[in-house]
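# Understanding the architecture of this molecule
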Amino acid sequence: MKLLHTIKEVREQISIARSEGKSIGLVPTMGALHEGHLTLVRDAKNECDFVVVSVFVNPTQFGPSEDFNKYPRTLDADAQKCSEAGVDIVFAPAAEEMYPEGFNSWVEVNGPTDVLEGERRPGHFRGVTTVCTKLFNITTADRSYFGQKDYQQLKVIQKMVRDLNMPLEIRPVEIVRESDGLAKSSRNIYLSGSERKAALVLSKSLAKAKSAFDAGERKAQVIKALVEDTIKSEPIADIDYVTVVDPETLLPLDNISKSAVVLLAVRFGTTRLIDNLILG
Ligand code: AMP
């Protein structure tokens, strides 16, 4: 496995892989790799001949008061995990490599970026879509892997690829959870012991939503209230949003005809966690 820091070096290796007729898989990450990321890597390994994992804490997707500076950076351990997983390249560029002086071009998706995370984190998705476009162009990936953990991000990227005819396939990967139900996240390390315990209420609330849906409940309001009430039973949980939306448009539903997604964002102390569940 090669740990590379420049676009030029990545291009050289990709060009060799292409000359050998290999297909290219890309797993974009911000590092601090855990089993969630490694599941994306395994899918990429299964479906592609040559796998690139990018590790880049992308400054343009963080707001001024967000956790860019304290975001965990563990490149040595990440590279080790990627090497063990059979990754071909870890691409870990410096911010100046991706955004050199004079950089001023952006990729912006409208619609699903206006709500939820996009509404609360202005500029976040513009940073995500721009950096992903750059990574797609640098690697010429045939497939790129995204977790359903970041459901809205997945939908925004799928729309961008469709709208702009980008020549690659976006492969969604199911949420990987801890054995007690908490969705794995690089940000879980911010949680204190008591916050970590309290955060279990998120997966519990989603499990209740699933039970209600499986028992025939189709009113979105009822499912939303069930999730909210469950979360509120945990005194330190501070709800940012809970919503039941159409899986494609991300617009709130009244009645669920076929399927829906329950999306939530909740603060525990200073840590904001997101989670979701697809119904139907
Ligand atoms: P991040 O490093 O947090 O930007 O995540 C990189 C990719 O890994 C994104 O596509 C995430 O959706 C995905 N990912 C993160 N956590 C999980 C998880 N628990 N299960 C599945 N995918 C995940």
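Residues numbered from 1 in each chain as written. Predicted model: local features only at pLDDT ≥ 70, side-chain atom pairs only at ≥ 80, totals over all residues. Heavy atoms only, no water.

The number of helices and strands found in the protein chain is 10 helices and 9 strands. Taken over the C-alpha trace, the protein chain has a radius of gyration of 19 Å; the compact-globule value for 280 residues is 19 Å, and the two agree within 12%. On the principal axes, the C-alpha backbone points of the protein chain span a range of 55 × 40 × 40 Å. Counting every position in the protein chain, which comprises 280 residues, the buried fraction comes to 53%. Within the protein chain, contacts between residues separated by at least 24 positions form 72% of all contacts whose residues are at least 6 apart in sequence. (Helix = DSSP H or I, 4+ residues; strand = E, 2+ residues; numbered from the N terminus. Rg over C-alpha atoms; globule rule 2.2 N^0.38 Å. Buried < 20%, exposed > 50% of the residue type's maximum accessible area, 1.4 Å probe, protein only. Contact = heavy atoms within 4.5 Å.)

On the secondary structure map, Thr113 appears in the loop between α4 (95-98) and α5 (117-120). At 2.6 Å, the side chain of Thr113 forms a polar contact with the backbone oxygen of Val109. Each residue touching Thr113, except ones within four places of it in the same chain, is listed here: Gly118, Glu119, Phe125, Gln152 and Val156. (Polar contact = N/O pair within 3.5 Å; in protein donor to acceptor, adjacent residues only side chain to side chain.)

One way to put it is that helix α6 (residues 124-139) packs onto helix α7 (residues 151-163) with a least axis distance of 11 Å and a crossing angle of 55 degrees. Relative to α7, α6 is oriented oblique. Crossing of α6 over α7 shows right-handed handedness. The segment α6 lies against α7, with Phe125, Val128, Thr129, Cys132, Thr133 and Phe136 engaging Gln152, Gln153, Val156, Ile157, Met160 and Val161. Looking at the contact of α6 with α7, its residues break down into 8 nonpolar, 4 polar and no charged. (Axes fitted to C-alpha atoms, helices over the stretch in contact; angles between N-to-C directions. Parallel < 35°, antiparallel > 145°, perpendicular 65-115°, else oblique. Left-handed = near helix turned anticlockwise from the far one by under 90°. Nonpolar A, V, L, I, M, F, W, Y, C, P; charged D, E, K, R; others polar.)

Here we take up the site of the ligand. Neighbouring residues of the ligand: 17 residues in total, closest Met30, His37, Asp150, Val176 and Lys184. Between His37 and the ligand, the recorded distance is 2.9 Å, taken from a side-chain N or O atom to an oxygen atom. Between Val176 and the ligand, the recorded distance is 2.8 Å, taken from a backbone N or O atom to a nitrogen atom. For the ligand, whose free accessible area comes to 490 Å², the fraction covered by protein is 93%. The greatest single-element share of the shell around the ligand, amounting to 3 residues, is contributed by helix α2 (residues 35-47). Among the residues forming the shell around the ligand, the class breakdown is 7 nonpolar, 6 polar and 4 charged. (Near = heavy atom within 4 Å. Areas by Shrake-Rupley, 256 points an atom, 1.4 Å probe, with all protein chains shown as cover.)

This paragraph deals with the nonpolar core. Among the nonpolar cores identified, the biggest contains 33 residues, and Phe91, Met98, Phe136 and Ile157 are the most heavily contacted of them. Contributions of two or more residues to this core are made by α1 (7-19), β2 (24-29), β3 (50-55), β4 (89-91), α6 and α7. Ranked by residue count, the leading element in this core is α6, at 7 residues. If near-sequence neighbours (up to four positions away) are discounted, Phe91 is found in contact with Leu4, His5, Thr6, Ile7, Val10, Val52, Val53, Ser54, Val55, Met98, Leu135 and Ile138. Core analysis: the next-biggest nonpolar cluster, separate from the first, contains 26 residues, Leu182, Leu200, Ile223 and Val266 among them. (Core = buried A, V, L, I, M, F, W, Y, C linked by side-chain atoms within 4.5 Å.)

A word on the sheet that holds β4. One open sheet holds the 6 strands; their spatial order is β1-β4-β3-β2-β5-β6, and the pairing between them is parallel. Each edge of the open sheet is held by one strand with a lone partner, namely β1 (2-4) and β6 (169-173). Here the strands of the sheet are splayed against their neighbours by 25 degrees on average, with no regard to which way each runs. Note: β3 against β4, 3 bridges, orientation parallel. Paired with Ser54 across the two strands is Phe91, which belongs to β4. (Pairing = 2+ DSSP bridges.)

This next bit is on α2. Quick reminder: α-helices carry 3.6 residues per turn. Residues three or four places apart thus point the same way. Here α2 spans 18 Å end to end across 13 residues, near enough to the 18 Å set by a 1.5 Å rise per residue. All buried positions along α2 are accounted for by Gly36, His37, Leu38, Thr39, Leu40, Val41 and Ala44. The inward-facing, buried residues of α2 abut β2, β3, α3 (75-84), β5 (143-147) and β6. (Expected span 1.5 Å × (residues − 1).)

What follows is about the environment of Met160. With respect to the helices and strands, the residue Met160 is situated in helix α7. Residue classification places Met160 among the buried residues on the basis of a relative accessible area of 1%. Once the C-alpha coordinates of Met160 and Thr129 are considered, the two residues, 31 residues apart in sequence, prove to be 7.5 Å apart.

Geometry only, nothing functional implied.
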